[in-house]
Amino acid sequence: MGENKFPRGFLWGGATSSQQIEGATREDGRGKSIWDTFAAIEGNIEDGSTPEVACDHYHRWREDIDLMSGLNLGAYRFSIAWPRVLPNGSGQVNSTGLDFYDALVDKLLEAGIQPFPTLYHWDLPQSLQDQGGWASREIIARFVEYSQAVTRRLGDRVQNWVTHNEPWCIATLGHEEGCHAPGHKNPTESLAVAHHLLLSHGHAVQSIRQEVPGAQVGIVNIHCPAHPLTLSPDDLNAARWFDGFFNRWYLDPIFKGKYPEDVIEDRRAAGHLTSGELPFVKDGDMAIISTHLDFLGLNYYSRSVQQKGPDGNPLPHIPVPENELTDMGWEVFPEGLYDSLKRVHHDYNPPQIYIMENGAAYDDPISPDGSIKDDRRITYYQQHLLAAQRALLEGVPLKGYFAWSLLDNFEWGLGFAKKFGLFAMDKTTGNRIPKNSAYWYGNVAATNTVDAPHL
Ligand code: GCO
């Protein structure tokens, strides 16, 4: 392996999610999702946009696959919209909804692109939310029912399966901070939500394996290393707190079958639990959650620098002024990807790891010559890929990398203002416009080599 060369067979992919790109929210029998509801409430989406049309991928998917072929990609991570498959969340399967993914998978395979579907990337059917959503234990049976409907249709062709995308975001942003659907602000509820997500994951892994012989199954977690601002005991404790709440609360149950004691104690001290017991955990749950996985999907964007705040609680995300920030306000910190990969490998030892999201939001204009010179994105990708390669050379079983994202898309509560795409989208025509990073990434995939960007 040359200095910047990746191993033969390393997978280069692009990533998207259904609610962020598909649009067509009322077509072909699709039911309503919690994000349709959330986005329709004034003030919830920063730029006032909705996901109703998004990137119109539901109609332009053939063209989008051609874009990926043009970049020499070997894999595509997308998600399946539960409300397209089961408009009411449960019961009657909408076969027209499944036809869409069926055709998508066929064309991907024809193009030599491996499909990596995620079953749940946040678009819960609204009717299930009306019955309690992820806070209710009933949802676990519903998720398995949904995963069966999908695997029965696609399992003859799809080998790689992801259950959930980023349970931390669903539990914390959706149920504790309230900036994501369903917009709840209830820390106690968010702990139950996290547990039901993990438990539904474990059950779904077992069900996918039953339906799809030889399936490779994993989950995707967002990983964010926590660093103390100073070495004071308070800041060190703030960093421990953040790491526990963000990373270990998910990785420990999945790989070790138990929740971290120190985080239980933090939650009790904060009044989110009445005792050191977790009331939503039933006998046998932890064994199901820790069902053996074939891979871990790791998403990485930035690190978090932690400091004890004036009220005694850690302050979220202290920006470090000397480092560059992306348009999300996230510090560019490539070493954090290296550290995350090493840490996950050392502490949890998944058999295979994929980086399933990594990328940066920058808004670059279209130049008079029609090009989009997004040099900062190229540099971001290059630095992070070199960090990933270092971890690989040191024995981390990293099998592939998925750039977030193929297209500028609906960035949840921030609407269309934050642009992560390798391709921009002309708002009026919907046409896709390659950024310079697309050409650069296409070259990486073609040569299996990360070159220095030519700026
Ligand atoms: C997430 C999601 C993506 C986001 C991306 C940029 O991590 O929040 O998986 O859907 O769009 O991460 O914020």
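Criteria and cut-off values
Residues numbered from 1 in each chain as written. Predicted model: local features only at pLDDT ≥ 70, side-chain atom pairs only at ≥ 80, totals over all residues. Heavy atoms only, no water. Helix = DSSP H or I, 4+ residues; strand = E, 2+ residues; numbered from the N terminus. Polar contact = N/O pair within 3.5 Å; in protein donor to acceptor, adjacent residues only side chain to side chain. Contact = heavy atoms within 4.5 Å. Expected span 1.5 Å × (residues − 1). Buried < 20%, exposed > 50% of the residue type's maximum accessible area, 1.4 Å probe, protein only. 1 Å grid on protein atoms, 1.4 Å probe; cavity = no way out; pocket = protein on both sides within 12 Å on 5 of 7 lines; lining within 4 Å. Points joined across faces, edges and corners; volume = space filled by probe spheres on them. Nonpolar A, V, L, I, M, F, W, Y, C, P; charged D, E, K, R; others polar. Pairing = 2+ DSSP bridges. Axes fitted to C-alpha atoms, helices over the stretch in contact; angles between N-to-C directions. Parallel < 35°, antiparallel > 145°, perpendicular 65-115°, else oblique. Left-handed = near helix turned anticlockwise from the far one by under 90°. Near = heavy atom within 4 Å. Areas by Shrake-Rupley, 256 points an atom, 1.4 Å probe, with all protein chains shown as cover. Phe/Tyr/Trp six-rings, centres within 6.5 Å; stacked < 30°, edge-to-face > 60°. Lys, Arg positive; Asp, Glu negative; His and termini not counted. Salt bridge = Lys/Arg side-chain N within 4 Å of Asp/Glu carboxyl O.

## Description of the side chain of Asp 64
Alright, step 1. Within the secondary structure, Asp 64 is located in helix α3 (residues 57–70).
Alright, step 2. Within the local environment of Asp 64, its side chain forms a polar contact with the side chain of His 57, the two groups lying 2.8 Å apart.
Alright, step 3. When near neighbours in sequence (up to four residues on either side) are disregarded, Asp 64 contacts His 57, Leu 406, Leu 407 and Arg 432.

## Examining helix α5 (residues 95–110)
Alright, step 1. Across its 16 residues, α5 extends 22 Å between first and last C-alpha, which sits within 8% of the 22 Å expected from 1.5 Å per residue.
Alright, step 2. For α5, the full list of buried residues reads Gly 97, Leu 98, Phe 100, Tyr 101, Asp 102, Leu 104, Val 105 and Leu 108.
Alright, step 3. In this structure, the buried residues of α5 make contact with α1 (18–21), α3, β2 (75–79), α4 (82–85), β3 (114–120) and α7 (139–154).
Alright, step 4. Backbone geometry just after α5 places Gly 112 at a positive phi near 75 degrees.

## Notes on the layout of surface pockets
Alright, step 1. Here the second largest pocket is characterised by a volume of approximately 390 Å³.
Alright, step 2. Looking at the second largest pocket, it is lined by 23 residues, and the ones nearest its centre are Phe 416, Lys 419, Met 425, Asp 426 and Lys 427.
Alright, step 3. A per-class count over the lining of the second largest pocket returns nine nonpolar, four polar and 10 charged.

## As for the sheet that holds strand β9 (residues 314–315)
Alright, step 1. Spatial strand order, β6-β8-β9: three strands in an open sheet with mixed pairing. Only two strands of the sheet have a single neighbouring strand rather than two, namely β6 (226–228) and β9.
Alright, step 2. As defined by bridge partners, strand β8 (residues 304–308) adjoins β9 across two bridges and the pair is classed as antiparallel. Looking at β9, one finds that Gln 307 is bridged to Leu 315.

## Quick look at the packing of helix α8 (residues 167–175) against helix α10 (residues 233–256)
Any two packed helices are characterised by how steeply their axes cross, that is the angle between the axes, and by the distance between the axes.
Alright, step 1. Two numbers describe how α8 lies on α10: the axes approach to 10 Å, and their chain directions differ by 130 degrees. One finds that α8 runs oblique with respect to α10. The interaxial crossing formed by α8 with α10 has right-handed handedness. Touching Pro 167, Trp 168, Ala 171 and Thr 172 of α8 are Phe 245, Phe 246 and Tyr 250, all from α10.
Alright, step 2. Here the residues of the contact of α8 with α10 sort into six nonpolar, one polar and no charged.

## A short note on the site of the ligand
Alright, step 1. Taken together, Gln 20, His 121, Trp 122, Asn 165, Glu 166, Tyr 301, Trp 330, Glu 357, Trp 404, Glu 411, Trp 412 and Phe 420 make up the full set of residues near the ligand.
Alright, step 2. Note that an oxygen atom of the ligand is positioned 3.4 Å from one of the side-chain N or O atoms of Trp 404.
Alright, step 3. Glu 411 has a polar side-chain atom sitting 2.6 Å from an oxygen atom of the ligand.
Alright, step 4. For the ligand, whose unbound accessible area comes to 320 Å², protein coverage reaches 95%.
Alright, step 5. A breakdown of the residues in the shell around the ligand according to their chemical character gives six nonpolar, three polar and three charged.

## Here we look at the packing of aromatic side chains
Two numbers describe a pair of aromatic rings. These are the distance of the centres and the angle of the planes.
Alright, step 1. Applying the stated criterion to the full structure yields 41 aromatic pairs.
Alright, step 2. Between Trp 122 and Trp 412 the ring centres are 4.5 Å apart and the planes differ by 40 degrees, which places this aromatic pair in the tilted class. One end of the pair, Trp 122, is in the loop between β3 and α6 (126–129); the other, Trp 412, is in the loop between β11 (398–404) and β12 (423–425), and 290 residues separate them in sequence. Here Trp 122 matches Trp 412 in class, with each residue buried.
Alright, step 3. With 6.0 Å between their ring centres and 65 degrees between their planes, Trp 134 and Phe 143 make a pair best called edge-to-face.
Alright, step 4. Judged by relative accessible area, Trp 134 falls into the buried class, the value being 1%.
Alright, step 5. On the basis of relative accessible area, Phe 143 is assigned to the buried category, the value being 0%.
Alright, step 6. Taken together through their ring pairs, the aromatic side chains of Phe 6, Phe 10, Trp 12, Tyr 380, Tyr 381, Tyr 401 and Tyr 441 make up a single cluster.

## Quick notes on unusual backbone geometry
Alright, step 1. With an omega of 5 degrees, the peptide bond between Ala 181 and Pro 182 qualifies as cis.
Alright, step 2. As for its position among the elements, Pro 182 is in the loop between α8 and α9 (187–211).
Alright, step 3. Positive phi values are uncommon outside glycine, yet Asn 349 reaches one of about 50 degrees.
Alright, step 4. Structurally, Asn 349 is set in the loop between α13 (335–348) and β10 (353–357).

## Describing the sheet that holds β3
Alright, step 1. What the eight strands build is a closed barrel, ordered β1-β2-β3-β4-β5-β7-β10-β11; its pairing is parallel. Taken over all neighbouring pairs, the strand axes of this sheet differ in orientation by 25 degrees on average, direction set aside.
Alright, step 2. Bridge count between β2 and β3: five bridges; the pairing is parallel. Across the sheet, the residue bridging to Ser 79 is Thr 118, located in β3.
Alright, step 3. Contacts from helix α14 (residues 375–393) reach β1 (11–15), β10 and β11, with the element oriented near 165 degrees to β11.
Alright, step 4. The sheet contacts of helix α15 (residues 436–447) involve β1 and β11, and relative to β1 the element is tilted by about 150 degrees.

## Points about the side chain of Glu 411
Alright, step 1. One can find Glu 411 in the loop between β11 and β12.
Alright, step 2. For the buried residue Glu 411, which engages in no salt bridge, the nearest side chain bearing the opposite charge is Lys 418, 9.1 Å off.
Alright, step 3. If sequence neighbours within four positions are ignored, Glu 411 has contacts with Gln 20, Met 328, Trp 404, Lys 418 and Phe 420.

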